[in-house]
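Tertiary structure, described
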Amino acid sequence: MQSPSSTESSSEYCLQKAMPEGSNLYYACLFEEDDCKQKILALHAYLIELTSILVECSDPGIARIKFQWWLEELDRLASQQPRHPVTRYIQQKITIDNDLVRQLKRVVQATDRLLLLEQPESLQAAIGIFDQQAGIIWQQCAKFCGNDDSINQVSKMASTYHYLHAILQSKTYVTEACCLIPADYIQKNMIFSMEQFDTEHQESFAKLIDALIGEMDKNLIALDKSDQNRLKHIVILNRIAKKTAVRMRTRNFPWSIDQVSIAPITKLLMAWWIKSTL
């Protein structure tokens, strides 16, 4: 696996990858301290690099070769010899220790498991798939923002957020090989045996979105007010995700990111309002 051009700085690469202007993370981090923001950027860029493999590689064999490359790259990171712009940026902004490398490897392994995945039985099981992936990344971000007390709750918020965005990418996450729609909402064979869904099936998907909205609200309420203030970017991401889900609620499956995307000015106003209330 070849690294992107070394002529592009690590920070520029990560900004374009994870926090371009207009993105959810861009507005979520507007009011974070600079040091915390840089660590968030590094870790989210890493997560996006891994999830991009799932989206871009239709051949599981090729995807697994790339995941193996990342495991080797993490060994190079541990030895202070990273090659990739993202791992170079992690090295620049985060103190590297064995525990961090071990956690980042767990993220690779969890992403690998998404290549071939049985349909989960319930929404809780579906959301839980992301605990060892996005959940670990958000936990690390919370630690770097000075909060060790609420990392379990942060993991739940991460998993719900990334589950929502996964089902928006149905060509990757609602397939014969990897189906993230819970069986207690609609059976897998029904999803792939019908070209169009009738009203009953669309109602099942609407109920799924309603349940996700409920999870987002419950997760936020469970986060102490002082923790919300220290983790503003997580609160903002949670609220942007809820607004996205509300839009999904009014549209038929399969959903499209273009259909439900939130305007940048709306994200800005949401971020400013949340910051002012914390």
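Above this note sits the structure.
Below is a short write-up of the structure. Positions within a chain are numbered from 1, following the residues in the order the chain's sequence is written. Totals for whole chains, interfaces and linings use all residues, but because this is a predicted model, local features are given only for residues with pLDDT of at least 70 and pairs of side-chain atoms are given and counted only at 80 or more. With hydrogens and water stripped out, all remaining heavy atoms of the structure feed into the side-chain values.

For the rest of this paragraph, the subject is the overall build of the chain. Strands here are runs of E lasting at least two residues and helices are runs of H or I lasting at least four, both read from the DSSP assignment and numbered beginning at the N terminus. From N to C terminus, the chain includes 16 helices and zero strands. The C-alpha radius of gyration computed for the chain amounts to 19 Å, which stays within 12% of the reference 19 Å derived for 278 residues, consistent with globular compactness. Taking the principal axes of its C-alpha atoms as reference, the chain extends roughly 55 × 50 × 30 Å. Relative accessibility thresholds used throughout: buried, under 20% of the residue-type maximum; exposed, over 50%; partly exposed, between the two (1.4 Å probe, protein chains only). Across the 278 residues that make up the chain, the buried fraction comes to 54%. Any two residues whose heavy atoms approach within 4.5 Å at even a single point are treated as in contact. Taking the contacts inside the chain whose residues are at least 6 apart along the sequence as the reference set, 70% of them involve residues at least 24 apart. Asp and Glu are treated as the negative residues and Lys and Arg as the positive ones, with His and the ends of the chain left uncounted. Just so you know, the charge point we use is NZ for Lys, CZ for Arg, CG for Asp and CD for Glu. If the 30 positive side-chain charges of the chain are averaged to one point and the 33 negative ones to another, these points end up 4 Å apart. Restricting the calculation to C-alpha atoms gives the radius of gyration, and the globule rule supplies 2.2 Å times the number of residues raised to the power 0.38.

What follows concerns the environment of Tyr173. Mapped onto the secondary structure, Tyr173 falls in helix H10 (residues 170-173). Tyr173 sits in the buried class, given a relative accessible area of 4%. Sequence separation between Tyr173 and Leu114 is 59 residues; the distance between their C-alpha atoms is 8.2 Å. Ignoring sequence-local partners within four residues, the contact set of Tyr173 consists of Thr51, Leu54, Leu114, Ala166, Cys178, Cys179 and Leu180.

Time to look at the pattern of salt bridges. By convention in these notes, a salt bridge is any Lys or Arg side-chain nitrogen within 4 Å of a carboxyl oxygen on Asp or Glu. On inspection of all chains with the given rule, the structure shows 11 salt bridges. Residue Glu215 pairs with Lys218 through a salt bridge whose shortest N-O separation is 3.3 Å. Of this pair, Glu215 and Lys218 both sit in helix H12 (residues 199-221), separated by three residues, roughly a single helical turn. Judged by its relative accessible area of 12%, Glu215 is buried. Here Arg230 ties to Asp227 by a salt bridge, and the two come within 2.5 Å at their closest N and O atoms. On the criterion of helical spacing, the pair formed by Arg230 and Asp227 is a turn pair, its members being three residues apart in helix H13 (residues 225-230). Of the residues examined, Arg230 reaches a relative accessible area of 33% and is grouped as partly exposed.

This part takes up the packing of helix H1 (residues 10-18) against helix H3 (residues 34-56). The description of two packed helices rests on the angle between their axes and on the distance between the axes. Axes here mean lines fitted to C-alpha atoms, for a helix over just the part in contact, with angles spanning 0 to 180 degrees between N-to-C directions. The geometry of H1 relative to H3 is characterised by a closest axis approach of 9 Å and an angle of 65 degrees between their N-to-C directions. For the pair H1 and H3, the crossing hand works out as left-handed. Note on element contacts: H3 touches H1 through Leu41, His44, Ala45, Ile48 and Glu49, opposite Tyr13, Cys14, Leu15, Lys17 and Ala18. Here the residues of the contact of H1 with H3 are counted per class, giving seven nonpolar, one polar and two charged. Throughout, a crossing is termed right-handed when the near helix is turned clockwise from the far one, and left-handed when it is turned anticlockwise from it by less than a right angle. Residue polarity follows a fixed list, in which Ala, Val, Leu, Ile, Met, Phe, Trp, Tyr, Cys and Pro are nonpolar, Asp, Glu, Lys and Arg are charged, and the others, Gly among them, are polar.

Moving on: the environment of Leu25. Turning to its location among the elements, Leu25 is positioned in helix H2 (residues 24-28). Between the alpha carbons of Leu25 and Ile236 there is a distance of 8.7 Å; along the sequence they are 211 residues apart. Not counting residues within four places of it along the chain, the set of residues in contact with Leu25 comprises Ala18, Met19, Ile40, His44 and Leu237.

Further remarks concern the side chain of Thr172. In this fold, Thr172 is placed in helix H10. Thr172 sits in the buried class, given a relative accessible area of 17%. Those residues within four positions of Thr172 in sequence are excluded, and the remaining contacts are Leu54, Val55 and Cys178.

With that settled, the discussion passes to the packing of H3 against helix H5 (residues 85-93). Between H3 and H5, whose axes approach to 9 Å, the crossing angle comes to 155 degrees. Relative to H5, the element H3 lies roughly antiparallel. H5 is crossed by H3, and the crossing has left-handed handedness. Packed against H3, whose contacting residues are Gln38, Lys39, Leu41, Ala42, Ala45, Tyr46 and Glu49, the element H5 presents Val86, Tyr89, Ile90 and Lys93 at the interface. Grouping the amino acids of the contact of H3 with H5 by side-chain chemistry returns seven nonpolar, one polar and three charged. Reported orientations rely on four angle classes, namely roughly parallel under 35 degrees, roughly antiparallel over 145, roughly perpendicular from 65 to 115, and oblique for the rest.

So, about the state of the cysteines. Only a pair of cysteine sulfur atoms within 2.5 Å qualifies as a disulfide here. Under the definition given, this model contains one disulfide. With a sulfur-sulfur separation of 1.9 Å, Cys36 is cross-linked through a disulfide to Cys145. Placement of Cys36 in helix H3 and of Cys145 in the loop between helix H8 (134-144) and helix H9 (151-167) is noted, with a sequence separation of 109 residues between them. Among the cysteines around Cys57, which has no disulfide bond, Cys178 carries the closest sulfur, lying 14 Å off. Counting only cysteine sulfurs, Cys179 is the nearest neighbor of Cys178, a cysteine outside any disulfide, at a range of 7.6 Å.

As a further point, take unusual backbone geometry. Trans is the common state for peptide bonds, and a negative phi is the common state for residues other than glycine. Going from Phe253 to Pro254, the amide bond is cis rather than trans, its omega being 0 degrees. Among the structural elements, Pro254 can be located in the loop between helix H14 (232-249) and helix H15 (257-260).

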